[in-house]
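What follows is each chain in one-letter form.
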Amino acid sequence: MALNRETDFGTPQKDGPLVSLTIDGVRVQAPRGTSVMAAAAKAGTQIPKLCATDSLEAFGSCRLCLVEIEGRRGAPASCTTLVEEGMVVATQTQRLVDLRRGVMELYISDHPLDCLTCSANGDCQLQDMAGAVGLRDVRYGQDGAQHHTIGKDESNPYFTFDSSKCIVCSRCVRACEDVQGSFALTIDGRGLGSLVSTGGADFLSSECVSCGACVQACPTAALNEKSVVDMGTPTRSLLTTCAYCGVGCTFRAEMQGDKVVRMVPSKEGKANEGHSCVKGRFAWGYATHKDRIVKPMIRAAITDPWREVTWEEAFSYAANEFRRIQNTYGRDAVGGITSSRCTNEETFLVQKLIRVGFGNNNVDTCARVCHSPTGYGLKTAFGTSAGTQDFSSVEESDVIILIGANPTDAHPVFASRMKKRLRDGAKLIVIDPRRIDLVRSAHVEADHHLPLLPGTNVAIINALSHVIVTEGLIDEAFVRERCDLQDFEVWARFIAQPHNSPEETEKLTGVLAGDVRAAARLFATGGNGAIYYGLGVTEHSQGSTTVMGMANLAMATGNLGRRGVGINPLRGQNNVQGACDMGSFPHEFSGYRHVSDDATRDMFENMWGATLSAEPGLRIPNMLDEALEGRFKGIYIQGEDIAQSDPDTKHVTRGLENMECVIVQDLFLNETAKYAHVFFPGSSFLEKDGTFTNAERRISRVRKAIAPLAGLADWETTLGFAGALGCDMHYDHPGEIMDEVAQLTPTFAGVSYDKLDALGSLQWPCNAQAPEGTPIMHVDRFVRGKGKFMVTEFVPTDERTGPRFPLILTTGRILSQYNVGIQTQRTQNNVWHPEDVLEIHPFDAEQRGLREGDLVALLSRAGEVSLHAHISERMQPGVVYTTFHHASTGANVVTTDYSDWATNCPEYKVTAVQVQRTNRWSDWQEEERRSSGLMRVIAGKADSGKADAAE
Amino acid sequence: MSAEKLVRMANQIAVFFASQPEAGAEAGVADHIRSFWNPVMRRQIYAHLDQGEKGLDPLALRALNLLRQSDPAARSEM
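Residues numbered from 1 in each chain as written. Chains lettered and ligands numbered in written order. Predicted model: local features only at pLDDT ≥ 70, side-chain atom pairs only at ≥ 80, totals over all residues. Heavy atoms only, no water.

**Q** Could you give an account of the sheet that holds strand β29 (residues 690-693) of chain A, naming the residues involved and the relevant values?
**A** Residue and element names in this part refer to chain A. Sheet architecture is open: 3 strands sit in the order β29-β30-β31, paired in antiparallel fashion. Edge positions in the sheet fall to β29 and β31 (761-763), since each of these pairs with one other strand and no more. Put simply, the sheet's adjacent strands are angled 30 degrees from each other on average, direction ignored. Here strand β30 (residues 698-702) pairs with β31 via 3 bridges, running antiparallel. Among the inter-strand pairings, R698 is bridged to a residue of β31, identified as Q763. In the packing of helix α9 (residues 344-358) onto the sheet, the strands contacted are β29 and β30, and the crossing angle to β29 comes to about 95 degrees. (Pairing = 2+ DSSP bridges. Helix = DSSP H or I, 4+ residues; strand = E, 2+ residues; numbered from the N terminus. Axes fitted to C-alpha atoms, helices over the stretch in contact; angles between N-to-C directions. Contact = heavy atoms within 4.5 Å.)

What follows is the structure in structure tokens.
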């Protein structure tokens, strides 16, 4: 594996009719709108450049890319000069050589000549250009005014800024503006005094979000990864897929031997097109963190210390325990959870093991607690359980509804793409109880922010539809051609009823009727309308109803089946879409086919040589309930931490405590592992081959960069456990598992590793009808035939505020941390978010006598935790907010077991709470601190048994 | 699972289907429970029917009685 650097064409690639020109005597063709620089690069001629890079529009400041063009005077910059028919270009004349050398002399006269000890040695475009122009001398010397003595800004944990190495090409400033959209950097001063600046602060305390776009754009060592400073430049690389959120960015893992030096976002990745966020770009150090457990362990009781054993002993112990439990309590007394952090192939194997090896359908996945309502709602309306668009579709959106999602924190790379479109003129309607960043941030301002009360999504979506129906804004042609008219008529009569009007729903949502009417008119008449949403929609007792309500709204306005429109769930974990696709739900095989469907079951039975149950299995909350009843005794949990992530923590842990064999497969001894009897050490995304499927149904390859630290990749571990159970499954490579998925799953029929390697990625459905995948769903017809309108009556949640619990708690995520924090808390991302805090409106804080930073008790009918208060006007009065990233906070101790009516997805977003000042941690927190270490002791390891090191 | 929780879940489903066109409401509730509830849960709610049906929404009750007639889980042991 050599180090593959991607070709930099200097300016962005363009589409358009081809024009012909001659460059250095060679006839070339390039799309109209292409720069001469990019046309030359495409033809194999790299014109010297410094301020140009193809992730940014041309800037024309460095004066190094000069060319001569027949019939034109002077030497125009090739980056800002567009190709024209018949143009004749010379890139290398003596005059150009002299000009470029003169420019380089000026640059080098103010640049330290320490190339041999510079961290960018061998990876520096200034160095390359000095070579390319034949620089042998600098007439001006080094004695004039210069910046050599300006100190480094090393405040950011991941990269340094060394102004003395900066050539003020503005690539970092433009990357921050154009690619990331943060506008955190600027050029201060004039002439020789010009300096890149974070606006008075250092990088850490500035508006910088550490996405790395500036570092990637920098042509010198001015902005450099600290890992490169420490280790040197990489020597080999491979393409893989990020293991954080559902955007699924493609990265080049750049390495030295078996050490990762840096992760660099790849232009080849269609989900990210060369961009990244702080997690994927920098927060990968957890993969080799000292807390990694790399030996299998077992123990008879959760009060015993762990005992390290061989893989064989661990498999044998686990299998014997599961067989004992099934012999004692029945076949249905065991089950498992597949991981949305693992690959498609690994989740497919786990559900296969459960259906075949355990002999039941007691398999579920973390989507149960996040996007299961998406699956139910979209399948009901359109016939398939997935979003309708690809990410690039947003570039053609004119009006965007963003509801219950905070993409600048949770899906930052997609947020940058959305912000770019908003800066280019698209309108934005934010429906969220909080004033999220996209309501108003640098060069982005929502046209409407509808700050509804948590729990009233259905009411507000209905109100939007009411305006559209009653004001004659329906796209009648679309509805007539594409939708079931009988269902539509029933729905239209329902939605037109006065109780759905903005004036009536205002009493429920708290959103002014006039604002709702204006937003509805904008969405219906503003051009391409797209709806993006997240867990603020799904994690409610009416999560599925809201999804169907949004489908109604999109169909009524004709916003489906083309670019720029659609219903777009922003999925949480990296492979939550894939885990669902692979048959991780207890009622469905891969491809979302019900287990009771005889023809489908026959196919699986024939392929797997086993009789399969036709009955739905238990969902995660049902498994825990059954455990408390004493009927469910064993669980195999791959890469999930339900003791932290699932609601009503005490209920979860009581359920786990009641089981006789809990198997946890993970990178670390997570919260759930405290209740486990068998620990299978997991493998990180760097240690295995496979695929992830992102929120736009894009299947991308995960490639093994280093050997598994524990000796086995996760798919091999499942095979080992299956073998010990007598359930023989044999695969030599994950590619063979994908071949089986393709044989059994119509939407994956055309997927193979060979095709993925050739095309980079594929969006399902990928089959004979769509051999290269399907970027946009439902183009000519819905998967189910006619689109189905559903009546979506608003039903208030049973979780009510009252005198004891007068506030509503809603929970969410933050940029620097990921999910339960088990990965990000083992990185330096903690510098941004060392603890979960409670955001509370100044009015509510004042009423309780709270000051910024006070320790407060957060109480609900489920439990109590203490955390520090952050007084914030982002909240509305009556609503408080926290994140669930830190185990020591235990945010889910206070969330309840209320859930979505259709899917049992927990209602994380609405919990009635009280907040009051305190001077102590809660009893639950004290007990956790006391017992946490004891439950993690490993026999013979003196330093084990500390509380979770990440905490 | 506790009867209280099963009743709450069944009632939630019934509340949704109560707003759908009347002809399909009972069948909608029954089909949803048949499709998504494990046989153990179904048997438990049938047992609750036998013990007085306490707390069940009328539509949920009608749907469960309808479902019970054709559900093999109703005829197997807990």
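Next comes the rest of the write-up.
**Q** Describe the pattern of salt bridges, and please don't skip the residues or the numbers.
**A** Residues and elements named next belong to chain A. Summed over all chains, the structure comprises 67 salt bridges over all chains. In this structure, K941 engages E308 in a salt bridge whose closest nitrogen and oxygen atoms are separated by 3.1 Å. Residue K941 is found in the segment after α29 (923-932), and its partner E308 is found in strand β14 (residues 307-308); the two are separated by 633 residues along the sequence. With relative accessibility at 39%, the residue K941 sits in the partly exposed group. Residue class for E308 comes out partly exposed when judged on its relative accessible area of 28%. Via salt bridges that share partners, R5, E6, D123, E225, R252, E254, R262 and R281 belong to a single interconnected network. (Salt bridge = Lys/Arg side-chain N within 4 Å of Asp/Glu carboxyl O. Buried < 20%, exposed > 50% of the residue type's maximum accessible area, 1.4 Å probe, protein only.)

**Q** A description of the interface of chain B and chain A should follow, citing residues and the corresponding values.
**A** Put simply, an interface is often sized by how much accessible area is lost when its parts join up. Chain B puts 24 residues into the contact, and the matching count from chain A is 31 residues. When chain B packs against chain A, the two sides together hide about 2300 Å² of surface, and 54% of this comes from carbon and sulfur. For the chain B face of the interface with chain A, the top three residues by lost area are M1(B), F16(B) and F36(B), together amounting to 26%. Run the count over chain B and chain A and you get 5 salt bridges. (Buried area = accessible area lost by both parts, 1.4 Å probe.)

**Q** How would you sum up the pairing of strand β34 (residues 855-859) of chain A? Please name residues and give values.
**A** On a regular strand, one side chain projects to one face of the sheet and the next to the other, so that they alternate. Residues and elements named next belong to chain A. Judged by how many residues are buried, β34 sits mostly within the fold: 5 of 5 residues are covered. Burial along β34 is two-sided: the residues L855, A857 and L859 and V856 and L858 are all buried. With 5 bridges connecting them, β34 and strand β35 (residues 864-871) associate as antiparallel partners. Residue A857 lies in a different strand from β35, and its bridge partner there is S866. The loop that links β34 with its antiparallel partner β35 comprises 4 residues. Relative to strand β37 (residues 911-917), β34 runs antiparallel, the two sharing 4 bridges.

**Q** Tell me about the sheet that holds strand β4 (residues 88-90) of chain A, and please be specific about residues and values.
**A** Residues and elements named next belong to chain A. Ordered by their spatial adjacency, 4 strands build an open sheet running β2-β1-β4-β3, and the pairing between neighbours is mixed. This sheet does not close on itself; its edge strands, each paired only once, are β2 (26-31) and β3 (68-69). Bridging between strand β1 (residues 18-23) and β4 involves 2 bridges; their strand directions are parallel. Bridge pairing in β4 places T22 opposite V88.

**Q** Give me the layout of surface pockets: which residues, what numbers.
**A** All names here are of chain A. Of the voids in this model, the second largest pocket is the one considered here, and its volume is about 1200 Å³. Around the second largest pocket sit 44 residues that line it, and V209, D409, D437, I814 and R874 are the ones nearest its centre. Only α11 (407-410), α12 (412-423), β19 (440-441), β33 (837-840) and β36 (879-883) provide two or more residues apiece to the lining of the second largest pocket. For the lining of the second largest pocket, the leading source of residues is α12, giving 4 residues. In the lining of the second largest pocket, the residues fall into 18 nonpolar, 15 polar and 11 charged. The residues that make up the lining of the second largest pocket include at least three from each of domain 2 (383-558) and domain 3 (807-919). (1 Å grid on protein atoms, 1.4 Å probe; cavity = no way out; pocket = protein on both sides within 12 Å on 5 of 7 lines; lining within 4 Å. Points joined across faces, edges and corners; volume = space filled by probe spheres on them. Nonpolar A, V, L, I, M, F, W, Y, C, P; charged D, E, K, R; others polar. Domains from an automatic or database assignment.)

**Q** If you had to explain empty space enclosed by the protein to someone new, which residues and values would you point to?
**A** What the rule picks out here adds up to 14 cavities of 30 Å³ or more. The volume enclosed by the largest cavity comes to roughly 480 Å³. As for the largest cavity, its lining consists of 37 residues, of which G404(A), N406(A), G536(A), G812(A) and K909(A) are closest to the centre. Grouping the constituent residues of the lining of the largest cavity by class yields 16 nonpolar, 15 polar and 6 charged. Summarising the domain contributions, the lining of the largest cavity has at least three residues from each of domain 2 (383-558) and domain 3 (807-919) of chain A. Its boundaries defined by the atoms lining it, the second largest cavity holds a volume of some 230 Å³. Around the second largest cavity sit 22 residues that line it, and P621(A), P647(A), D897(A), N904(A) and K5(B) are the ones nearest its centre. Where the lining of the second largest cavity is concerned, the elements lending two or more residues are α22 (620-628) and α24 (649-657) of chain A together with α1 (3-18) of chain B. Broken down by element, the residue count for the lining of the second largest cavity peaks at 5 residues, all from α22(A). Taken together, the residues of the lining of the second largest cavity break down into 10 nonpolar, 5 polar and 7 charged. Composition of the lining of the second largest cavity by domain shows at least three residues from each of domain 1 (297-370 + 575-759) and domain 3 (807-919) of chain A.

**Q** Explain the packing of aromatic side chains to me, using residue names and the numbers behind them.
**A** Residues and elements named next belong to chain A. Overall, the coordinates contain 34 aromatic pairs over all chains when judged by the stated rule. Here F161 and F203 contribute two aromatic rings whose centre-to-centre distance is 5.7 Å and whose plane-to-plane angle is 55 degrees, an arrangement assigned as tilted. A residue pair is termed long-range when its members are at least 10 positions apart, and F161 in strand β6 (residues 159-162) and F203 in the loop between β8 (195-197) and α5 (213-217) qualify at 42 residues. When its relative accessible area of 8% is taken as the criterion, F161 is described as buried. Here the aromatic residues W311, F315, F322, F358, Y636, F680 and F721 are joined through ring pairs into a cluster of three or more. The ring of Y898 has R861 lying over it, and the distance from NZ or CZ to the ring centre is 4.3 Å. (Phe/Tyr/Trp six-rings, centres within 6.5 Å; stacked < 30°, edge-to-face > 60°. Lys NZ or Arg CZ within 6 Å of the ring centre and 35° of its normal.)

**Q** Requested: an account of the side chain of N362(A), with residues and values cited.
**A** Counting through the fold element by element, N362(A) comes out in the loop between α9 and β16 (363-365). For N362(A), a relative accessible area of 1% translates into the label buried. Side-chain polar atoms of N362(A) contact the backbone nitrogen of L618(A), separated by 2.8 Å. In this structure, N362(A) is in contact with D332(A), V334(A), G335(A), G336(A), I354(A), G617(A), L618(A), M623(A), F632(A) and N38(B), ignoring residues within four places of it in sequence. (Polar contact = N/O pair within 3.5 Å; in protein donor to acceptor, adjacent residues only side chain to side chain.)

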